[in-house]
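Remarks on the overall topology
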Amino acid sequence: MNARARLHVATAAAVLAGTAAFPGVAAADPGDSSDIQVSVDIPVIHQPGVLALTVAGNAVTLSENGSTALVRQFTGTLPTVTVTDTRTAQEIPAGAAWAVLGTSSDFAGTAGQPVISAGHLGWRPRLIDGGGTGQVAEGEEVVTVLDDPTQPGNNVGLTDQELLVSTYDSAAVTGGSYDVNADLFLRTPAGVAAGSYHATVTISLFE
């Protein structure tokens, strides 16, 4: 028998001996009892709101569409980008504004073809759901290096951080969720080398 078991037996013997010493003690009346109600109020944990970006997919395949004798064109649609703001007005810094920007890497060929620069990829943002405030707007079209500018300096493709969607007043659109996508178009010279190419478009949210 181990030490713990011996201790338990000795304690039980002492209790029994004590009970035998007072044979005249009456048992307590089972009805002599009282209930105590225990209550607690558990407050809601108030988490701070967040400004967040989600994208409905991580890939898009461009297909040839609208090519001419001089320019080959490949088009597709950027997966829907959603900006969600769950912050209260008190959590937003005064004068804050947010914007979603996009940029692309160059297109690298899988069989060693010459690189197609990101300047050949353009987009046309489309606001799907801007809420009812009128304070959320899509960015301007960015055309490629093969196009005439639709406005000064915008025929650069997605070589830099280009505007997809934004608001000038974060506090005016807090508590909402806003969706945007974009028409993508890759325009190359007609003599572009055939084969598979891949690039990465990075979408970022800033405030």
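Residues numbered from 1 in each chain as written. Predicted model: local features only at pLDDT ≥ 70, side-chain atom pairs only at ≥ 80, totals over all residues. Heavy atoms only, no water.

1. Description of the nonpolar core
Core analysis: the largest hydrophobic core is formed by 23 residues, its most contacted members being Leu-78, Val-81, Trp-98, Val-100, Trp-123 and Leu-164. Mapped by element, the contributors of at least two residues to this core are β3 (71–85), β4 (98–104), β6 (121–129), β8 (162–167) and β9 (177–189). Here this core gets five residues from one element, more than from any other, and that element is β9. Ignoring sequence-local partners within four residues, the contact set of Leu-164 consists of Leu-78, Val-81, Val-100, Leu-101, Trp-123, Pro-125, Glu-138, Gly-139, Val-180, Asn-181 and Ala-182. (Core = buried A, V, L, I, M, F, W, Y, C linked by side-chain atoms within 4.5 Å. Buried < 20%, exposed > 50% of the residue type's maximum accessible area, 1.4 Å probe, protein only. Helix = DSSP H or I, 4+ residues; strand = E, 2+ residues; numbered from the N terminus. Contact = heavy atoms within 4.5 Å.)

2. Some thoughts on the pattern of salt bridges
A complete count under the given rule lists seven salt bridges for this structure. Arg-124 is the partner of Asp-183 in a salt bridge, and the nearest nitrogen-oxygen pair spans 3.6 Å. Of the two residues, Asp-183 sits in strand β9 while Arg-124 sits in strand β6, which places them 59 residues apart along the sequence. Of the charged contacts, one joins Asp-147 and Arg-187 as a salt bridge, the two residues approaching to 2.7 Å between their closest N and O atoms. Of this pair, Asp-147 sits in the loop between β7 (136–138) and β8 while Arg-187 sits in strand β9, and the two are 40 residues apart along the sequence. Taking relative accessible area as the criterion, Arg-187 reaches 15% and is therefore assigned buried. (Salt bridge = Lys/Arg side-chain N within 4 Å of Asp/Glu carboxyl O.)

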